[in-house]
Amino acid sequence: MKQIRLKKCPFCGGKASFKKERIWLEDGISIRCEKCHTKTKIVLIDHPAFSAKCNGLDESTRYTEEQAMEVVAKIWNERKHT
Ligand SMILES: [Zn+2]
């Protein structure tokens, strides 16, 4: 896997790591704190989101595994997770 630097957990300072997830038969990636289990949302791999704007599947949201990791790393590092 590609090395992407992750900040420490904003809540407990624990180590964060990528976690492969499977949801609705789709593969995705989230980041989880190994200590308190805070996690980001799951970014799906190779799964375009439905967009009302293009009246169909939005291909710009289709991520490769590497892109999904970068997107979820950005979410984690900006601490916008809940
Ligand atoms: Zn934590």
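Use the structure listed above.
Cut-offs applied
- Residues numbered from 1 in each chain as written.
- Predicted model: local features only at pLDDT ≥ 70, side-chain atom pairs only at ≥ 80, totals over all residues.
- Heavy atoms only, no water.
- Pairing = 2+ DSSP bridges.
- Helix = DSSP H or I, 4+ residues; strand = E, 2+ residues; numbered from the N terminus.
- Contact = heavy atoms within 4.5 Å.
- Donors = N, O, S within 2.8 Å, 3.2 Å for Na, K, Ca; no water.
- Tetrahedral: all angles 85-135°; square planar, octahedral: opposite > 155°, others 65-115°.
- Buried < 20%, exposed > 50% of the residue type's maximum accessible area, 1.4 Å probe, protein only.

Participant: Help me get a handle on the pairing of strand 1 (residues 16–23), residues and values and all.
Facilitator: Of the pairings in the sheet, the one linking strand 1 to strand 2 (residues 26–33) comprises eight bridges and is antiparallel in character. By the bridge assignment, arginine 22 is partnered in strand 2 with aspartate 27. Between strand 1 and the antiparallel strand that follows it, strand 2, lie two residues; tryptophan 24 among them carries a positive phi value of about 50 degrees.

Participant: Please provide a residue-by-residue account of the environment of tyrosine 63, values included.
Facilitator: Within the secondary structure, tyrosine 63 is located in the loop between strand 5 (56–58) and helix 1 (65–77). For the pair tyrosine 63 and histidine 47, spaced 16 residues apart in sequence, the C-alpha separation works out to 6.9 Å. Leaving out residues up to four positions away in the same chain, tyrosine 63 has contacts with Val43, Leu44, Ile45, Asp46, Ala68 and Val71.

Participant: Requested: an account of the coordination of the zinc ion, with residues and values cited.
Facilitator: Protein ligation of the zinc ion involves Cys9 (SG), Cys12 (SG), Cys33 (SG) and Cys36 (SG), the donor distances falling in the range 2.2 to 2.3 Å. Geometry at the zinc ion is tetrahedral, judged from its four donor atoms and the angles of 99 to 113 degrees they form at the metal. Donor residues for the zinc ion sit on one chain with the sequence pattern C-x2-C-x20-C-x2-C. Here cysteine 9, found in the segment before strand 1, pairs with cysteine 33, found in strand 2; they are 24 residues apart in sequence, far enough to count as distant. Grouping residues by exposure puts cysteine 9 and cysteine 33 together as buried.

Geometric values such as these leave the question of function open.
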